[in-house]
Amino acid sequence: MAALPPLNALRAFEAAARRGSFAAAAGELNVTPAAIGQQVRQLEALIGSALFEREGRALRLTERGGAALDRLSHAFELMGEASAAMREHAGASRIVLALPSDLAGFWLAPRLAVRSSAPGLEIVTRDPLTALDDGADLAVLCSADAPAGQDSQLLLRETLSPLAAPALARQIRTPGDLETLPLIADTSTPLGWTDWLTRRGAYGIAVQPAFITDGAGPAMALAEAGAGVVLGRKLLAAGAVNAGRLVSVFADGDMPGGESYWLAFARGRRRSEAAGALAAWIRAEMAGFTDAADEL
């Protein structure tokens, strides 16, 4: 199954659901109604369920679409608040931070939204190392090893864990139960369900993912909607877990993810005071997540 871009398809659905038509959503997002319709249909195909009932040109949300709308609208509101926070100090030194889009949306944006102040910050979500070569001040990236050729610091080692919506999680008692339930595989992680079962010593259990995505965004959206169990990145899922939209399926289900988060600067380039302050804040936020996880 082809994976969906995590933000574009979800944004198209949220706008169409809130505005009540593809045409109104297209006007808001500055695309064509056909593009909105195509992205919504792709999202429906991915989750295997209709999100709208079409009545002529009018749209009416299905039960599943209605359940997702408030959560998605809240997430995009947070990102809007984060963008406003970035613009608060337009006269401050401009800083360019590069990081993957999933990390920007799920980890960075909620924190910027509640931060009391922010520098003149530009966020880019293309390849972080390429962005550093092109002049970005600092980057956060996820990889198995320290990025070659850069001044880098280890922030956090990634952890994967089976996560599901509460109603689905209550159906699971042992790893063997996973054979009968829909699973979600995120191909952006180097390890998957087979690795998790092997590490648990659960040999002989055959699992076949019902959904395959190439990013945490659609994977967690599917899990929150109750479509299946995801082997999720705990750092990115922390907001959904803290809010009770996702829960850990097994108390001892954590597994090293094979990757780590790194803070990187371009080697040989002078580091500004503002960039250094932002780096210190990122390190503190990551350390705070580690401390909170240790208490669980």
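Please read these numbers as outputs of a predicted model, since none were measured by experiment. (Residues numbered from 1 in each chain as written. Predicted model: local features only at pLDDT ≥ 70, side-chain atom pairs only at ≥ 80, totals over all residues. Heavy atoms only, no water.)

Engineer: Before we move on, can you summarise the packing of aromatic side chains with the specific residues and values?
Structural biologist: Following the criterion strictly, the structure yields four aromatic pairs and no others. With centroids separated by 5.5 Å and ring planes inclined at 55°, the aromatic side chains of Phe-13 and Phe-52 adopt a geometry described as tilted. Taken together, the residues Phe-13 in helix α1 (residues 6-19) and Phe-52 in strand β1 (residues 52-55) connect sequence positions 39 residues apart. For Phe-13, a relative accessible area of 1% gives the class buried. Accessibility expressed as a relative area gives 3% for Phe-52, which makes it buried. Consider the rings of Trp-193 and Trp-196, whose centres lie 6.0 Å apart with planes at 80°: the pair is edge-to-face. Placement of the pair is Trp-193 and Trp-196 together in helix α8 (residues 193-199), with a separation of three residues, close to one helical turn. Take Trp-196: its relative accessible area is 1%, and that puts it in the buried class. Clustering of aromatic rings is evident, with ring pairs tying together Phe-13, Phe-22 and Phe-52. A cation sits over an aromatic face here: Arg-200 above Phe-250, 5.3 Å from the ring centre. Directly above the aromatic system of Phe-265 lies the positively charged group of Arg-271, at a separation of 3.6 Å from the ring centroid. (Phe/Tyr/Trp six-rings, centres within 6.5 Å; stacked < 30°, edge-to-face > 60°. Helix = DSSP H or I, 4+ residues; strand = E, 2+ residues; numbered from the N terminus. Buried < 20%, exposed > 50% of the residue type's maximum accessible area, 1.4 Å probe, protein only. Lys NZ or Arg CZ within 6 Å of the ring centre and 35° of its normal.)

Engineer: Help me get a handle on helix α3 (residues 33-47), residues and values and all.
Structural biologist: The end-to-end C-alpha distance of α3, which contains 15 residues, comes to 21 Å, matching closely the 21 Å that a straight helix rising 1.5 Å per residue would cover. Every buried residue of α3 is accounted for by Ile-36, Gly-37, Val-40, Leu-43, Glu-44, Leu-46 and Ile-47. Immediately beyond the C-terminal end of α3, within one or two residues, lies Gly-48, with a positive phi of roughly 75°. (Expected span 1.5 Å × (residues − 1).)

Engineer: Could you give an account of the packing of helix α2 (residues 22-29) against α3, with specific residues and numbers?
Structural biologist: Two numbers describe how α2 lies on α3: the axes approach to 8 Å, and their chain directions differ by 105°. With respect to each other, α2 and α3 are oriented roughly perpendicular. Along its contact with α2, which presents Phe-22, Ala-23, Ala-25, Ala-26 and Leu-29, the element α3 presents Pro-33, Ile-36, Gly-37 and Val-40. Here the residues of the contact of α2 with α3 sort into eight nonpolar, one polar and no charged. (Axes fitted to C-alpha atoms, helices over the stretch in contact; angles between N-to-C directions. Parallel < 35°, antiparallel > 145°, perpendicular 65-115°, else oblique. Contact = heavy atoms within 4.5 Å. Nonpolar A, V, L, I, M, F, W, Y, C, P; charged D, E, K, R; others polar.)

Engineer: An account of helix α10 (residues 234-242) is requested, with residue identities and associated values reported.
Structural biologist: Those residues of α10 lying buried are Leu-235, Leu-236, Ala-237, Ala-238 and Ala-240. Phi turns positive one or two residues past the end of α10, at Gly-244, with a value near 85°.

Engineer: Mind laying out the pattern of salt bridges, listing which residues take part and the relevant values?
Structural biologist: For the structure shown, the criterion picks out 12 salt bridges. Between Arg-271 and Asp-151 there is a salt bridge; the shortest N-O distance is 2.6 Å. With Arg-271 in the loop between β11 (255-266) and α11 (273-295) and Asp-151 in strand β6 (residues 150-164), the pair connects residues that are 120 residues apart, well separated along the chain. Residue class for Arg-271 comes out partly exposed when judged on its relative accessible area of 38%. Notably, a salt bridge pairs Arg-200 with Asp-252, separated by 3.7 Å at the nearest N-O pair. One end of the pair, Arg-200, is in the loop between α8 and β8 (211-213); the other, Asp-252, is in the loop between β10 (247-248) and β11, and 52 residues separate them in sequence. Under the relative-accessibility criterion, Arg-200 is labelled partly exposed at 30%. One salt-bridge network, held together by shared partners, links Arg-11, Glu-14 and Arg-18. (Salt bridge = Lys/Arg side-chain N within 4 Å of Asp/Glu carboxyl O.)

Engineer: Please set out the environment of Ala-50 residue by residue, giving values where relevant.
Structural biologist: As for its placement among the helices and strands, Ala-50 is situated in the loop between α3 and β1. Ala-50 gets classed as partly exposed once you look at its relative accessible area, which sits at 39%. It is 9.3 Å that separates the C-alpha atoms of Ala-50 and Val-40, two residues lying 10 residues apart in sequence. Excluding residues that lie within four positions of it along the chain, Ala-50 makes contacts with Glu-44 and Thr-62.

Engineer: Which residues make up the environment of Gly-48, and what values do they have?
Structural biologist: In this structure, Gly-48 sits in the loop between α3 and β1. Between the C-alpha atoms of Gly-48 and Leu-222, which are 174 residues apart in sequence, the distance is 9.9 Å.

Coordinates in, geometry out; function isn't part of it.
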